[in-house]
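# Analysis of the macromolecular model
In case you want the letters, here they are:
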Amino acid sequence: VDSHCGNRLTILNVKKISEDHFNAYHVISSSGLDWTILCPPKVTPGANEEKYKVFEENVGEGFQFHVKVGHLASLATKIAKEESHNKKRVGVCDE
């Protein structure tokens, strides 16, 4: 497979994934349920050090394209316990 063909397939896969995510968001957001969608970038190994950034609805300045699994677990637990970020998409990344 030449590199151009591989690049086109990657773009088509990303487009399909994006459409699937948007469709899921639309179904959930119009459901009447309480919800929070956690949108992590690449998840990497690592413990929670409480050194992560949280963004609602869009990616903020200084966004990193990775988050430690410990940070992701910490945020998910906080959201569940505090019922925060209701009806929001939440991004998270390492500092």
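Residues numbered from 1 in each chain as written. Predicted model: local features only at pLDDT ≥ 70, side-chain atom pairs only at ≥ 80, totals over all residues. Heavy atoms only, no water.

## Remarks on the overall build of the chain
Inclusion rule: The helix and strand labels rest on DSSP assignments: H or I over at least four residues marks a helix, E over at least two residues marks a strand, and numbering proceeds from the N terminus. Note on classification: 1.4 Å probe, protein chains only; a residue is buried when its accessible area is under 20% of the maximum for its type, exposed when over 50%, partly exposed between these limits. Note on contacts: a residue pair is in contact if any heavy atoms of the two residues lie within 4.5 Å. All accessibility values rest on the Shrake-Rupley procedure with a 1.4 Å probe; residue burial counts only the protein chains present in the view.
Across its full length, the chain carries two helices and five strands. When the elements of the chain are put in sequence order from the N terminus, they spell out α-β-β-β-β-α-β. Relative to its 95 residues, the chain shows a buried fraction of 18%. Within the chain, contacts between residues at least 6 apart in sequence are counted, and of these 71% link residues at least 24 apart. Looking at the chain as shown, the accessible area adds up to about 6,800 Å², and 58% of this sits on carbon and sulfur atoms.

## Comments concerning the sheet that holds strand β5 (residues 88-94)
For clarity, the cut-off: At least two bridges found by DSSP between two strands is the condition for calling them paired. Every axis in this analysis is a line fitted to C-alpha atoms, fitted for helices over the stretch in contact. Angles between the N-to-C directions lie between 0 and 180 degrees.
Overall, mixed pairing links the three strands, which are arranged β1-β5-β3 in an open sheet. A strand with exactly one partner marks an edge of an open sheet, and here the two such strands are β1 (36-39) and β3 (52-56). Taken pair by pair, the neighbouring strands of this sheet meet at an average axis angle of 25 degrees, ignoring direction. Judged from the five bridges that link them, β3 and β5 form a sheet pairing that is antiparallel.

## Brief notes about the nonpolar core
Condition: Among buried residues, the Ala, Val, Leu, Ile, Met, Phe, Trp, Tyr and Cys ones that are joined through side-chain atoms within 4.5 Å form a nonpolar core.
Of all hydrophobic cores here, the largest spans seven residues; its members are Y52, V67, L72, L75, I79, V90 and V92. Counting residues per element, the ones that place at least two in this core are α2 (69-82) and β5. Top contributing element to this core by residue count: α2, with three residues. Excluding residues within four positions of it along the chain, Y52 makes contact with H71, S74, L75, K78, V92, C93, D94 and E95.

## Describing the pattern of salt bridges
What counts, and what does not: What counts as a salt bridge is simple: a side-chain nitrogen of Lys or Arg found within 4 Å of a carboxyl oxygen of Asp or Glu.
One pass over the full model with this rule turns up four salt bridges. E50 is the partner of K78 in a salt bridge, and the nearest nitrogen-oxygen pair spans 2.8 Å. Of this pair, K78 sits in helix α2 while E50 sits in the loop between β2 (42-44) and β3, and the two are 28 residues apart along the sequence. Residue class for K78 comes out partly exposed when judged on its relative accessible area of 32%. For E50, a relative accessible area of 43% translates into the label partly exposed.

## Observations regarding the side chain of S74
Mapping S74 onto the fold places it in helix α2. You can call S74 buried: its relative accessible area is 11%. Apart from residues lying up to four places away in sequence, S74 is in contact with N48, E50 and Y52.

## With respect to unusual backbone geometry
For H85, which is not glycine, the phi dihedral falls at a positive 60 degrees. By secondary structure assignment, the location of H85 is in the loop between α2 and β5. You will see that K87, though not glycine, has its phi angle at about 60 degrees, which is positive. Mapping K87 onto the fold places it in the loop between α2 and β5. With a relative accessible area of 38%, K87 lands in the partly exposed category.

Remember that the coordinates give geometry; whether it matters functionally is a separate question.
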